[in-house]
Structures are given as C-alpha cells and as structure tokens.
Amino acid sequence: MEKDCQEMNLRKAAIIGCGFVGSASAFSLMQSGLFSEMVLIDADKDRAEGEAMDISHGLPFSRPMKIYAGDYDDIVDAAIIIITAGANQKPDETRLDLVHKNVSIFKSIIPEISKRDCTGILLIVTNPVDILTYTALKLSGFPENRVLGSGTVLDTSRLKYQIGEYLGVDSRSVHAFIIGEHGDSEIAAWSSANISGVPMRNFYEMRGKHKYEKATSHIAEMVKNSAYEIIARKKATYYGIAMSVRRICEAIVRDEKSILPVSGRMHGEYGIDDVVLSMPAIVGKEGIESKIPIDLDANEQRELRESADTLKQVLDEIEKN
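What counts, and where the lines are drawn
Residues numbered from 1 in each chain as written. Predicted model: local features only at pLDDT ≥ 70, side-chain atom pairs only at ≥ 80, totals over all residues. Heavy atoms only, no water. Helix = DSSP H or I, 4+ residues; strand = E, 2+ residues; numbered from the N terminus. Rg over C-alpha atoms; globule rule 2.2 N^0.38 Å. Buried < 20%, exposed > 50% of the residue type's maximum accessible area, 1.4 Å probe, protein only. Contact = heavy atoms within 4.5 Å. Areas by Shrake-Rupley, 256 points an atom, 1.4 Å probe, with all protein chains shown as cover. Lys, Arg positive; Asp, Glu negative; His and termini not counted. Charge placed at Lys NZ, Arg CZ, Asp CG, Glu CD. Core = buried A, V, L, I, M, F, W, Y, C linked by side-chain atoms within 4.5 Å. Salt bridge = Lys/Arg side-chain N within 4 Å of Asp/Glu carboxyl O.

J.: Help me understand the overall build of the protein in this model?
T.: From N to C terminus, the protein includes 10 helices and 14 strands. Here the C-alpha radius of gyration of the protein, 19 Å, is about what a compact globule of 321 residues would show, namely 20 Å. C-alpha extents for the protein along the principal axes are approximately 60 × 50 × 35 Å. Expressed as a percentage of the 321 residues in the protein, the buried residues total 54%. Counting contacts in the protein only where the partners sit at least 6 residues apart, residues at least 24 apart contribute 72% of the total. Carbon together with sulfur atoms contributes 49% to the accessible area of the protein, which is approximately 14,400 Å² in total. Across the protein, the centroid of the 38 positively charged side chains sits 4 Å from that of the 48 negatively charged ones.

Below, the structure is given as structure tokens:
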C-alpha cells in the first residue's frame, strides 16, 4: 500500500499516546529487538519527540532501530498500531470511571486510523480496555481478529507471580488465567489452574498448605487490587503493562500461536454475546485466531456472565450519550 496503499512493514510498530504507558511500552519494545522501526504519536508533539530522542539514545546498547515522532500518515504501513492514549486512572477511581473521557478521545483517534486503510493490527491498551476495544472495533470497521485489547494479560501475570510467591515455585510454571473484565469484576479461573499440569489444589496440598479457598480468595483479591495499590503509592502503573504489550507483540510478530487472555468480542460463548471480554485466545500474525474454551465451574461461569453484564450496562450508557 503507498501512503494510501503501501505494503505492510512487518518490522514496524506505531504507538499512539506517549504518556507513562506509551513511553514505557516504547522502551520495552526497543529492548525486545522485535521491530526495526517505531513511530511515536502524541497530541503533544514535543512530548513524542522527546521520548523518541531519549529512547533512541539507548540504541547503541540494543539493536539498530529507527525511532521517531510522527503523525497519522506514518502508521499506514505499521504491522501493529498500539493505542495507549487517554486519561490516566486516578487514586480511588475505577477503570470504568474513565470510560466517558476515553471513549471521547477514541472518537478522535480511531477515525484517523480507519480512513488511512491501515492493514495492521490494532492493539488497544487504554483503560477501560474491554470497553475501548469494543469502541475501536465499532469505529474502525476492522475485522474482529485485527482488533484486540491487552485484556487481562497483565492481571494474569500478576496472578502467576502471586501464586509463585505463595507456593515457592517459578511463576513461569504456573498456568492460570484471570478472565472477564480487566477491572473490578475480573475472575480468577481457579478450576482450570495448574502448576505444570498438577491441579492447583493438589499442588497446594503438596506444599503443605491449608485453607485452600481462603488462600485463593486472598490471592485473587491481591491481584484485583494491585493497580489501586500501585497508583496509591506512585500515581500510575506502567512497567507491568509495558511488558504485557511486549509479550502480545512477540506473539503477533513471531506468529507464535501463543494463548493469551486478550480482549476480544464474544459470540455466545458461556451464554455471552456482543460484548468484549478478556478470554484466552490463540494470538498470532493475524491477531486473534480463535478463542480457547477453558474449564470453568458453575460459579465461575456465573461470575463471568455477571462481568459481561457489568460491561454491557456501561456500553448501553455510552450508546445513550
């Protein structure tokens, strides 16, 4: 595809929004070696230029790469367009409280992308990510597989970390998911959790632990409240989500077919339809290739439907406005 119809550059990424999350993501991606070109876009052009300069000065310690500030014309051939632009979550503010501010911002960003006939993948990171992934899907007209949100990839990483710490095991050996909304109604899918194939409850007992339900409930609460705890202390979270962005980009660029709990549209799974939720999916060069059904007990399925209902209520409110 030339600036209208330019061939996609599989080694190029675009980041829209150069706040804490956008700049941390750019830094993480620079270190990854995944891309040879990265354009940074922000309403504050000076901010984008400053971030590009600062990150570029570390390239002698990494790999050759072109990093620069640009505008929407520079995204046309990008393989992945990462959107981190939006208002930040404040102390005592839920992710859903952000919705009206950030939907309004997306209404100015997404049309700029769609009118340029981009053929890359849209990766939504701005919160509330499930709502904004749905908004981006509607506004962009892109195929569903090419619009995904960072979802509960970070929450799932937090869950694995906490389980690993509690059980004294490498968190990379923990296989468990946070599903549903990336927010207060998220669900820890304990019924399918395992440690390298050993069911979670069994491994728990092997480590001489007791009161399984109490412990897992405590861990789930710690994960759910992680962002609030961090924001209360340092006003923002950005390193963890930046590493999550990097992980998703790895799966796409390398066509890894990795299973990640990204935000995608539901089509009747677990009785849920026409809402974007974070669920395990195969992620590769085409974006979301397919969702992966995981075992959920009756209580988890009920909580998942309640999470979907919470998001639907917010979507209905947005439609009214």
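J.: Is there a simple way to explain the nonpolar core in this structure?
T.: One recurring pattern in soluble globular proteins: nonpolar side chains tend to sit buried together. Core analysis: the biggest nonpolar cluster contains 48 residues, and Ile-81, Ile-83 and Ile-113 have the highest contact counts within it. Secondary structure elements with two or more residues in this core: strand S1 (9-16), strand S2 (37-41), strand S4 (78-83), helix H3 (99-114), strand S5 (121-124), helix H4 (129-140), strand S13 (273-284) and helix H10 (298-320). Ignoring any residue separated from it by four or fewer positions in sequence, one finds Ile-113 in contact with Ile-16, Tyr-72, Ile-75, Ile-81, Ile-83, Cys-118, Leu-122 and Phe-142. Judged by nonpolar contacts, the second largest core, of 42 residues, contains Leu-40, Tyr-238, Ile-252 and Ala-281.

J.: Just checking my understanding: could you explain the pattern of salt bridges for this structure?
T.: Any two side chains of opposite charge can pair if their charged atoms end up close together. Counted under the stated rule, the structure contains 20 salt bridges. Glu-144 serves as the salt-bridge partner of Arg-265, at 3.3 Å between the closest nitrogen and oxygen. Here Glu-144 lies in the loop between H4 and strand S6 (147-149) and Arg-265 lies in strand S12 (residues 258-267), a separation of 121 residues in the sequence. Owing to a relative accessible area of 31%, Glu-144 belongs among the partly exposed residues under this scheme. In this structure, the salt-bridge partner of Glu-269 is Lys-291, at a minimum N-O distance of 3.6 Å. A residue pair is termed long-range when its members are at least 10 positions apart, and Glu-269 in the loop between S12 and S13 and Lys-291 in strand S14 (residues 287-291) qualify at 22 residues. Here the salt bridges share partners, and the residues they tie into one network are Arg-246, Arg-247, Glu-250, Arg-254 and Glu-256.

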